[in-house]
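# Residue-level structural notes
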Amino acid sequence: MRMLAAPAATTPPMDASRTDSDSDFDVVVVGASFAGAACALAAAQRGLRVCVLERKRDPGDKLRTTGIIVKEAAEHTLLNRLPPRMTRRIESVRLYAPSLRQVALAAPGYYFLTTDTPAVMRWLATQLQAHAIDLRPGQAFTDAERTDAGWQVQGVGHARYLVGADGARSRVARRCGLGEVRQFLYGIEYEFPGARLADPDALHCFISKRYAPGYIGWLAQNPGGVQAGLALRHDPAHARVPDIDGFLLRVGVAGGLPRQLKPGHTRAGLIPCSGPVQALARDGAILTGDAAGIVSPVTAGGIHAAWDHGWAVGRAIAATLRDGAPPAEQAAIAAAPRFRAKRALRWAYDRLQFDWPFDLLLHSPPLRWAAEQVYFHTRGG
């Protein structure tokens, strides 16, 4: 894929006297992942001048997402245009108790897409360029200063709006005095290129307080092999790295993972799990995606919610600048999902997780109902 060259590292002087008509860009978006790309595309479709900063030279490098896309995102967003070679359809879930007993779950018509995630991120970059968006790979956000008419972004120029889609440790949030994510999971995922699960048509999920307190482990077949991951509740005072090697020794055979495989790429990072931050937008600066905490506190699924919120932010900025609508900050806050029930479930799971109820109740109707709510939300019927 042809990428735009990174601009020279020049730093224009801050100038608080600029007017709206002097702006170099209507929107500067920091981060080219799902939320940032959605925001940029929505704004560009309304004719706004958009710049996207991406600190990585290769958008597909050093990823922190599993890349699993739910049906709603696969059908009702731009992601429905993904080339078929980049995705694999998964229509069921196998849920494993700590004893490794399992139950099969499915909802009629519902599915997930596993992806060649690096290829998906590079594809998104081509979509930005196709919409005349000034994508700047290899250029990180360093600083910005508030002006009367927006933000003077160091190394970029003046923008009417500044959008932070730069992850759970958002620099935009810190610089602009916005809310910061405080509660996290910590996840690690291995890629096994060319490997194949015994049951490749299911998402395999493992409950274990020993290996995954506060979350789960998983195995999934993707277009290029197998992805195997583990995440746990992150406690800054007693931080620990998930024991993914021990976990795979324990569950690999049960999940149908061939023995003695060597992982290729490894992904790792923090995942927000507390819901949207409090100060999500103000004074021409808006957060979206992981930076805004737009991630399900229960499933840690963020692609669909991040895309929807990023798109809403881009449309709201366009409505403000083009149509004289109320400030986009208000719309960005209103569009953020609250996750009230899921935050309650997160609180309970953090404090009441034990292995024995899952072993005892795995095949019971209440546990099956709860699992289907988590994975399918009964959306498939």
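In this text the structure is predicted, and so the values were computed from the model without any measurement. (Residues numbered from 1 in each chain as written. Predicted model: local features only at pLDDT ≥ 70, side-chain atom pairs only at ≥ 80, totals over all residues. Heavy atoms only, no water.)

### Details of the overall build of the protein chain
Counted only if it meets this: Secondary structure elements are defined from DSSP: runs of H or I of at least 4 residues count as helices, runs of E of at least 2 residues count as strands, and each element is numbered from the N terminus. Put simply, the radius of gyration uses C-alpha atoms, and a globule should come to 2.2 Å times the residue count raised to 0.38. Note on exposure labels: buried denotes an accessible area under 20% of the residue type's maximum, exposed denotes more than 50%, and partly exposed covers the range between, all computed with a 1.4 Å probe on protein chains only. The contact criterion used is simple: two residues touch if any of their non-hydrogen atoms lie within 4.5 Å. Counted as positive: Lys and Arg. Counted as negative: Asp and Glu, with His and the chain ends omitted from the count. By convention, the charge on Lys lies at NZ, on Arg at CZ, on Asp at CG and on Glu at CD.
Check the secondary structure of the protein chain and you find ten helices and 18 strands. For a compact globule of 381 residues, the expected C-alpha radius of gyration is about 21 Å, and the protein chain comes in at 21 Å, within 12% of that figure. Its C-alpha atoms put the protein chain at 65 × 40 × 40 Å along the principal axes. Residue burial in the protein chain is summarised as follows: out of 381 residues, 55% are buried. In the protein chain, 75% of the contacts between residues at least 6 apart in sequence involve partners at least 24 apart. Measuring between centres, the 45 positive side-chain charges of the protein chain sit 4 Å from its 34 negative side-chain charges.

### Some details on the packing of aromatic side chains
To be explicit about the condition: Stacked, tilted and edge-to-face pairs are distinguished by plane angle, under 30 degrees for stacked and over 60 for edge-to-face with tilted covering the rest, among Phe, Tyr and Trp rings (Trp via its six-membered ring) whose centres lie within 6.5 Å.
Counted according to the given criterion, the structure contains nine aromatic pairs. Ring centres of Y110 and F376 lie 5.8 Å apart, and the angle between their planes is 70°; on these two criteria the pair is classed as edge-to-face. In this pair, Y110 is assigned in the loop between β6 (102-105) and β7 (112-115) and F376 in the segment after α10 (365-375), connecting sequence segments 266 residues apart. The pair Y110 / F376 is uniform in exposure class, with both members buried. A ring pair is formed by F206 and F247, whose centres lie 5.7 Å apart and whose planes are at 85°; its orientation type is edge-to-face. Here the residue F206 occupies a position in strand β13 (residues 202-206), and F247 occupies one in helix α5 (residues 244-251), the gap between them amounting to 41 residues. The buried category is assigned to F206, whose relative accessible area is 2%.

### Here's the deal with the sheet that holds strand β16 (residues 266-272)
The cut-off we apply is this: What makes two strands pair is DSSP finding at least two bridges between them. Working convention: axes come from line fits to C-alpha atoms, limited for helices to the stretch in contact. Angles between N-to-C directions cover 0 to 180 degrees.
As summarised here, the arrangement of the seven strands in space is β6-β5-β13-β14-β15-β12-β16, forming an open sheet in which the pairing is mixed. Of all the strands in the sheet, just β6 and β16 have a single pairing partner and so form its edges. Going across the sheet, the axis of each strand differs from the next one's by a mean of 20°, ignoring polarity. Bridge analysis of strand β14 (residues 217-222) against strand β15 (residues 225-233) gives six bridges, and the strand direction is antiparallel. Bridge pairing links G217 to L230 in β15. Running at roughly 55° to β6, α10 makes contact with β5 (92-96), β6 and β13 of the sheet.

### Examining the sheet that holds β7
Judged by pairing direction, the sheet is antiparallel, and its three strands sit side by side in the order β3-β7-β4 without closing on themselves. Where the open sheet ends on each side, the last strands, each with one partner, are β3 (69-70) and β4 (87-90). Where β4 and β7 come together, four bridges link them in antiparallel fashion. Counted as the bridge partner of R89 is L113 from β7.

### A closer look at a nonpolar patch on the surface
Cut-off, in case you're wondering: Note that patches include only residues with greater than 30% relative accessible area and no salt bridge, and the join distances are 9 Å for like charges and 5 Å for nonpolar side chains (Val, Leu, Ile, Met, Phe, Trp, Tyr). Where accessible areas are quoted, they stem from the Shrake-Rupley method and a 1.4 Å probe; at the residue level, only the protein chains shown are allowed to cover. Counted as salt bridges are all cases of a side-chain nitrogen of Lys or Arg within 4 Å of a carboxyl oxygen of Asp or Glu.
Where nonpolar side chains cluster on the molecular surface, the patch consists of W347, L352, F354, W356, L360 and L361 and spans about 700 Å² of accessible area. Among the elements of the structure, α8 (340-352) and α9 (355-361) are those that each provide at least two residues to the nonpolar patch. When residues in the nonpolar patch are grouped by element, the largest group, three residues, is from α9. By the secondary structure assignment, L352 is in helix α8. For L352, a relative accessible area of 53% gives the class exposed.

### Comments concerning the confidence of the model for the protein chain
Put simply, the rule reads: Think of pLDDT as the predictor's per-residue confidence, scored from 0 to 100.
Per-residue confidence for the protein chain gives a mean pLDDT of 89, with 93% of residues at or over 70. Long-range and interchain partners of residues 1-21, a stretch whose pLDDT sits below 50, account for 40 contacts in this model, where long-range means more than four residues apart.

### Side note on the pairing of β6
Successive residues of a regular strand alternate their side chains across the two faces of the sheet. Side chains V103 and L105 of β6 all project onto a buried face; the interleaved residues Q102 and A104 project onto a face where none is buried. Across four bridges, β5 lies against β6 in antiparallel orientation. Residue V93 lies in a different strand from β6, and its bridge partner there is L105. Count of turn residues in the β5/β6 antiparallel hairpin: five residues, of which L100 carries a positive phi of about 75°.

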